[in-house]
Amino acid sequence: MAVPTFTERLADLAGGAFLQAAAVTAVEPCAPGFVRVELRADAFGRAEWVPGMKVQLRTRRGTMKMRTYTPVSWAGDTTELIAYTHGDGPAADWFRGVQVGDSCELFGPRKSIDLRGLDRVVFVGDESSIALACALTAVTPHVQHVFEAADPAAVEALLAARGLADTSVVVPKTKVLDHVREVVPAEPFDLVVTGNAATVHEVRRDSRDWPRRPGEIKGKAYWAEGRAGLD
């Protein structure tokens, strides 16, 4: 067995001060490229969570590298995550191989996008936004979703499994703006846009010229080409 380096020991010492250990209690591949994972920890039952909060996940000891996820739900001592298992990073690798009985460490829940108070919503996102869309169902059913996707069929399958197919349009990358304009309702509405930084910027800018403008805009870039860890 390799002896931990000083940096690895320091990371574990720091992590022990603020990370919560959690056990994996369920794993379900729910569409190509996506997996649903339930995590349990006694400390979760003492947490104050509202839809839209985030957690940061450390899948490997000896490092402080963490990735951010939006819990779909939070009930007592159990939380539910949906991960998009693209790429070759440590979190994607962990989600592709995770099994019931494995463990990980979490920081949070913490503030990210507060979904409370929303009623009629136009929701724009991509593969990284689906968990937030699922969390929003606990707040309001009056949502029109537009998702841009590298594999629209996989995203459509996941949305169908989560009961969001009837309120969602899935389009290829770069086609999102035209479809967003089509779903803008006649009634007052708010806009939630997350995912690719370029899309978040483009939709927010374009909304200034819509005939019916959103009352409130909640936006957050989760990723950008060539960069990692935006959130």
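Every value quoted in this text rests on a predicted model; they were computed, and no experiment measured them. (Residues numbered from 1 in each chain as written. Predicted model: local features only at pLDDT ≥ 70, side-chain atom pairs only at ≥ 80, totals over all residues. Heavy atoms only, no water.)

### A closer look at the overall build of the protein
Quick note on the threshold: Secondary structure elements follow DSSP: runs of H or I no shorter than four residues count as helices, runs of E no shorter than two count as strands, and numbering proceeds from the N terminus. Think of it in three bands: residues with accessible area under 20% of the maximum for their type are buried, residues over 50% are exposed, and the middle band is partly exposed, with areas taken using a 1.4 Å probe on protein chains only. Pairs of residues are marked as contacts when any of their non-hydrogen atoms sit within 4.5 Å. Accessible areas in this description were obtained via Shrake-Rupley with a 1.4 Å probe; residue shielding takes into account the shown protein chains only.
In terms of helices and strands, the protein carries 6 helices and 12 strands. Sorting the 231 residues of the protein into buried and exposed places 47% on the buried side. Pairs at least 24 apart in sequence give 63% of the contacts found in the protein among residues at least 6 apart. For the protein, the accessible surface area stands at approximately 11,700 Å², while carbon and sulfur atoms represent 50% of it.

### Observations concerning the pairing of strand β10 (residues 168-172)
In plain terms, the rule: Pairing between two strands is assigned when DSSP locates at least 2 bridges connecting them. By the criterion used throughout, a crossover qualifies as right-handed when its path from the first strand across the helix to the second strand runs clockwise, the strands pointing away from the viewer.
Pairing of strand β9 (residues 143-149) with β10 involves 5 bridges; the strand directions are parallel. Bridging across to β10, V146 finds its partner in V169. Each parallel crossover has a hand, and for β9 linked through helix α4 (residues 152-161) to β10 it is right-handed.

### Description of the pattern of salt bridges
Rule in force here: The salt bridge criterion pairs a side-chain nitrogen of Lys or Arg with a carboxyl oxygen of Asp or Glu, the two atoms within 4 Å.
Enumeration over the complete set of coordinates arrives at 13 salt bridges. Two residues, E80 and R162, come together in a salt bridge whose shortest N-O distance is 2.9 Å. Here R162 lies in the loop between α4 and β10 and E80 lies in strand β6 (residues 78-84), a separation of 82 residues in the sequence. On the accessibility criterion, E80 (10% relative accessible area) is buried. With a shortest N-O distance of 3.0 Å, R181 and D206 are connected by a salt bridge. With R181 in helix α5 (residues 176-183) and D206 in helix α6 (residues 197-207), the pair connects residues that are 25 residues apart, well separated along the chain. Residues participating in the shared-partner salt-bridge network are E28, R36, E38, E80 and R162.

### So, the sheet that holds β10
Basically, it comes down to this: Orientation is described by lines fitted to C-alpha atoms, with helices fitted over the stretch in contact, and by angles between N-to-C directions that extend from 0 to 180 degrees.
Judged by pairing direction, the sheet is parallel, and its 5 strands sit side by side in the order β10-β9-β8-β11-β12 without closing on themselves. On the outer flanks of this sheet lie β10 and β12 (217-223), each paired with one strand and no other. In this sheet, adjacent strand axes meet at a mean angle of 10° when their direction is disregarded. Pairing geometry for strand β8 (residues 121-125) and β9, over 5 bridges, is parallel. What sits directly across from F123, in β9, is H145. The sheet strands contacting α5 are β8, β9 and β10, and the helix crosses β9 at an angle near 175°. Contacts from α6 reach β8, β9, β11 (190-196) and β12, with the element oriented near 155° to β11.

### Overview of a positive patch on the surface
Inclusion rule: A patch is a set of surface residues, each over 30% in relative accessible area and not in a salt bridge, joined within 9 Å for like charges and within 5 Å for the nonpolar side chains Val, Leu, Ile, Met, Phe, Trp and Tyr. Charge counting follows a simple rule: Lys and Arg are positive, Asp and Glu are negative, and His as well as the terminal groups are ignored. Charged side chains are reduced to one point each, which is NZ for Lys, CZ for Arg, CG for Asp and CD for Glu.
On the surface, a cluster of positive charge is made up of R204, R205, R208 and R213. Positionally, R208 belongs in the loop between α6 and β12.

### Focus on the confidence of the model for the protein
To be explicit about the condition: Residue-level confidence of the predictor is what pLDDT reports, using numbers from 0 through 100.
Mean pLDDT over the protein stands at 88; residues scoring 70 or higher make up 87%. Across the protein, the secondary-structure element scoring lowest on mean pLDDT is helix α1 (residues 6-18), at 45, and the one scoring highest is β8, at 98. With pLDDT under 50 throughout, residues 6-17 is counted as low confidence; its partners more than four residues away or in other chains account for 11 contacts.

### Observations concerning the sheet that holds strand β2 (residues 34-40)
With respect to topology, 7 strands assemble into an open sheet ordered β4-β3-β7-β1-β2-β6-β5, the strand pairing being antiparallel. Here the strands that pair on one side only, and so sit at the sheet edges, are β4 (67-69) and β5 (73-75). In this sheet, neighbouring strand axes are inclined to one another by 35° on average, regardless of whether the strands run parallel or antiparallel. As defined by bridge partners, β2 adjoins β6 across 7 bridges and the pair is classed as antiparallel. Note that in β6 the partner of R40 across the bridge is T78. Relative to β4, helix α2 (residues 90-97) is tilted by about 60°, and along the sheet it contacts β1 (20-31), β2, β3 (54-58), β4, β6 and β7 (103-110). Helix-sheet contacts for α4 involve β1, β2 and β6, and the interaxial angle to β1 is about 110°.

### Things to note about the nonpolar core
Threshold: In this text, buried Ala, Val, Leu, Ile, Met, Phe, Trp, Tyr and Cys residues form a nonpolar core when linked through side-chain atoms within 4.5 Å.
Within the largest apolar cluster, 27 residues are counted, with the highest numbers of intra-cluster contacts made by F34, F123, I130, F147 and V155. The contacts of F147, once residues within four sequence positions are left out, are F123, G125, D126, S129, I130, A133, V155, L159, S168, V169, V170 and V171. Core analysis: the second largest hydrophobic core is formed by 22 residues, V35, A41, F44 and Y69 among them.

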